[in-house]
Amino acid sequence: MKKTLRIGHIDLSFHAASAALVCTVFEKYGWQVEMTASPHEEMFKRYGKGEVDMLVSAWLPASHDDYLAPYRDNTVKLTVLYHPYCIWGVPDYISPSDVASVEDLLRPDVLLKMEKRILGINPGAGISRFSRTMVEEYQLTHSGYYFENGSEAACYSNFEQAVSDQRWIVVPLWHPQFLHHRYTIRALEEPKGLLGGQDEATLIVSRSVIGDFEPPLLAELQALSPGNDAISELDYLICRENKTPRQAVESWYQRHSRI
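Only a predicted model underlies this, so the values are computations on that prediction, with no experimental measurement involved. Counting from 1, residues in each chain are numbered in the order their sequence is written. Selection of residues for local features in this predicted model requires a pLDDT of at least 70, selection of side-chain atom pairs for listing and counting requires 80 or more, and totals for whole chains, interfaces and linings are taken over all residues. For side-chain calculations, the full set of non-hydrogen atoms in the structure is used, while hydrogens and water are omitted.

Peer 1: What am I meant to see in the side chain of His64 here?
Peer 2: Considering the arrangement of structural elements, one finds His64 in the loop between strand 3 (54–60) and helix 3 (65–68). His64 sits in the buried class, given a relative accessible area of 1%. In contact with His64, other than residues within four places in its own chain, are Ile10, His40, Phe44, Ser57, Ala58 and Trp59. Secondary structure counts use DSSP, requiring at least four H or I residues in a row for a helix and at least two E residues in a row for a strand, with both numbered from the N terminus. To sort residues, take the accessible area from a 1.4 Å probe on protein chains only and compare it with the maximum for the residue type: under 20% means buried, over 50% means exposed, and anything in between is partly exposed. In this analysis, two residues are considered to be in contact whenever any of their non-hydrogen atoms come within 4.5 Å of each other.

Peer 1: Looking at this structure, I do not really get helix 2 (residues 40–49). What am I missing?
Peer 2: Note: α-helices contain 3.6 residues per turn, so residues at a spacing of three or four share the same orientation. The complete set of buried residues in helix 2 reads His40, Met43, Phe44, Arg46 and Tyr47. Take helix 2 and look down its axis: the buried residues cluster within an arc of 155 degrees, on one side only. Elements in contact with the buried residues of helix 2: strand 1 (4–10), strand 2 (32–38), strand 3, helix 3, strand 4 (75–82) and strand 10 (200–206). Gly50 sits one or two residues past helix 2 and shows a positive phi near 85 degrees. It is the directions from the helix axis to the C-beta atoms whose arc is reported.

Peer 1: Got a minute to help me understand the sheet that holds strand 5 (residues 85–91) in this structure?
Peer 2: Hydrogen bonds along the backbone pair up the strands of a sheet, which may run parallel or antiparallel. Here the rule is simple: two strands pair whenever DSSP picks up at least two bridges between them. Taken in spatial order, the 3 strands line up as 8-5-9 in an open sheet, and their pairing is antiparallel. Looking at the sheet topology across the chains shown, the edges are occupied by strand 8 (171–175) and strand 9 (185–187). On average, each strand axis in the sheet is inclined to that of its neighbour by 55 degrees, with strand direction left out of account. Note that strand 5 and strand 9 share 3 bridges and pair antiparallel. In the strand pairing of strand 9, Pro91 is matched with Ile185. Interaxial angle, 0 to 180 degrees, is taken between N-to-C directions of lines fitted to C-alpha atoms, where a helix line uses only the stretch in contact. Against the sheet, helix 5 (residues 126–137) engages strand 5 and strand 8, with an angle of about 65 degrees to strand 5.

Peer 1: For this particular structure, what's the right way to read unusual backbone geometry?
Peer 2: Along the chain, Val56 connects to Ser57 via a cis peptide bond; the corresponding omega equals -5 degrees. Turning to its location among the elements, Ser57 is positioned in strand 3. The omega torsion of the bond from Leu60 to Pro61 falls at 5 degrees, within 30 degrees of zero and hence cis. Along the chain, the position of Pro61 falls in the loop between strand 3 and helix 3.

Peer 1: Before we go on, may I ask you to explain the sheet that holds strand 2 in this structure?
Peer 2: With respect to topology, 5 strands assemble into an open sheet ordered 2-1-3-10-4, the strand pairing being mixed. The open sheet is flanked by strand 2 and strand 4, the only strands paired with a single partner. Neighbour-to-neighbour, the strand axes of the sheet open up by a mean angle of 30 degrees, direction not taken into account. Along the sheet, helix 9 (residues 215–223) makes contact with strand 4 and strand 10, crossing strand 4 at roughly 50 degrees.

Peer 1: Can you walk me through the packing of aromatic side chains in this structure?
Peer 2: Aromatic rings in a pair are described by how distant their centres are and how their planes are angled relative to each other. Centres within 6.5 Å are what make two rings of Phe, Tyr or Trp a pair, Trp counting through its six-membered ring; a difference in plane orientation under 30 degrees is then read as stacked, over 60 as edge-to-face, and the rest as tilted. Scanning all chains against the criterion turns up 12 aromatic pairs. Judged by centre distance (5.6 Å) and plane angle (50 degrees), the ring pair of Phe44 and Tyr67 falls under tilted. Residue Phe44 is found in helix 2, and its partner Tyr67 is found in helix 3; the two are separated by 23 residues along the sequence. Residue Phe44 shares its accessibility class with Tyr67, and that shared class is buried. Arranged with centres 6.4 Å apart and planes meeting at 65 degrees, the rings of Tyr156 and Trp174 form a pair that is edge-to-face. Separated by 18 residues along the polypeptide, Tyr156 in helix 6 (residues 152–165) and Trp174 in strand 8 bring together distant segments of the chain. Like Tyr156, the residue Trp174 is buried in the burial classification. Members of the aromatic cluster, connected to one another through ring pairs, are Phe14, Trp59, Tyr82, Tyr156, Trp174, Phe178 and Tyr236. For a Lys NZ or an Arg CZ to count as sitting over a ring, it must be within 6 Å of the ring centre and within 35 degrees of the ring normal. Just above the ring of Tyr145 sits the side chain of Lys116; from NZ or CZ to the centre is 5.6 Å.

Next comes the structure, spelled out in structure tokens:
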């Protein structure tokens, strides 16, 4: 009888890509995997309740530490899959001589060109929390800027359409993310340090199940570290080549001649 593991991931495409990679490792060792997704805070609560055994992944320490804190004693950190960090970015056709930092958004010449709506994703995301603080701390609201939560699709398509139109836009984003696989997005300098710095996308598992992992399986999980570029590429395969997360992983392995 196959052993079963319940893997949970945050309901965003690049998290689904990471989870699919982890899933292939377990299936290699004969495990049956059940994968489910939920928004940020809800997924951590489900993990804490024991509804999922493994979470792919916790961005620590800045973005998700508060969500994980109540369950830390029952958690084992297995590996760092990649090193995410949040940015406010602009398309590369906006020159650094015009806009180099967040503070430059307040320059009179920039105010004439830059769109004032800064469209992000769901409210529970770290980048959303950071961005709400940014518009206040940099006093951007006084000049008409505002942050608005939206869906993933709305945020990404808004940026792509702006690039197509060569409009000036700020996108609250992160690495890894599929837009980086296609576009050159320049991060603005952020001297107040409000974007959380670099996190570690940590594969976490409940202590109640890790004892069932065979030593070779555990070793392979601990060695799994695809990195930012790989996750961005997988995310692109999902979001713009319409592959399922599992199909994206298979295609990625084929492209990179990995077994």
